[in-house]
Amino acid sequence: MQSQTPPELSLLTYLPVPSFFSSQLLLLLISCINLLVVMDKVRDLASKKAAVIFTKSSCYMCYSIKTLFYELGASPAIHELDHDPNGRDMERALRGLGCDPSVPAVFIGGRFVGSAKDVISLHVDGSLKQMLKDAKAIWF
């Protein structure tokens, strides 16, 4: 039985790399580069609309945060990570940006605001609505 080369390793045959690098080190390097690319994608998606929420469809806190935004009059962009082919990578990228737990991850005006606990705190002290106004996610 012939073993198959994983697709990541097949890339290694095309890279001019000194022989002292191990394949594990190169896989780690490729993984880090992929994470940086996905982080850029998350930042790009987060900046496309005044309010953006990364969620999972089975997360009750995500549902609560979305409902809060709708009740405040905002129409946030919703990115359901469990329905996105790159969802797992995006979750890792959100953790890398400081969101723990990874969902819900809320961005207002392209800036990371936090997760459910942070958003609820902002709502209780009255600053969430002002942040949404400043970002032009709501007008009243």
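Above this text is the structure in question.
Structural notes, computed from the coordinates. (Residues numbered from 1 in each chain as written. Predicted model: local features only at pLDDT ≥ 70, side-chain atom pairs only at ≥ 80, totals over all residues. Heavy atoms only, no water.)

### Re the environment of tyrosine 63
One can find tyrosine 63 in helix α3 (residues 60-71). Under the relative-accessibility criterion, tyrosine 63 is labelled exposed at 57%. Counting along the chain gives 41 residues from tyrosine 63 to proline 104, while the straight-line C-alpha distance between them is 8.7 Å. (Helix = DSSP H or I, 4+ residues; strand = E, 2+ residues; numbered from the N terminus. Buried < 20%, exposed > 50% of the residue type's maximum accessible area, 1.4 Å probe, protein only.)

### A few points about the sheet that holds strand β2 (residues 77-80)
Spatially, β2-β1-β3-β4 is the arrangement adopted by the 4 strands of the open sheet, whose pairing is mixed. Every interior strand has two partners, whereas the edge strands, β2 and β4 (111-114), have only one. The average undirected angle you get between the axes of adjacent strands in this sheet is 25 degrees. The pairing of strand β1 (residues 51-55) with β2 spans 4 bridges and is classified as parallel. Residue pairing across strands places phenylalanine 54 opposite histidine 79, the latter belonging to β2. In this fold helix α2 (residues 23-47) packs onto β1, β2 and β3 (105-108), with an angle of close to 135 degrees to the strand it touches most, β1. Most of the contacts of helix α5 (residues 116-124) go to β4, to which it runs at about 85 degrees, and overall it touches β3 and β4. (Pairing = 2+ DSSP bridges. Axes fitted to C-alpha atoms, helices over the stretch in contact; angles between N-to-C directions. Contact = heavy atoms within 4.5 Å.)

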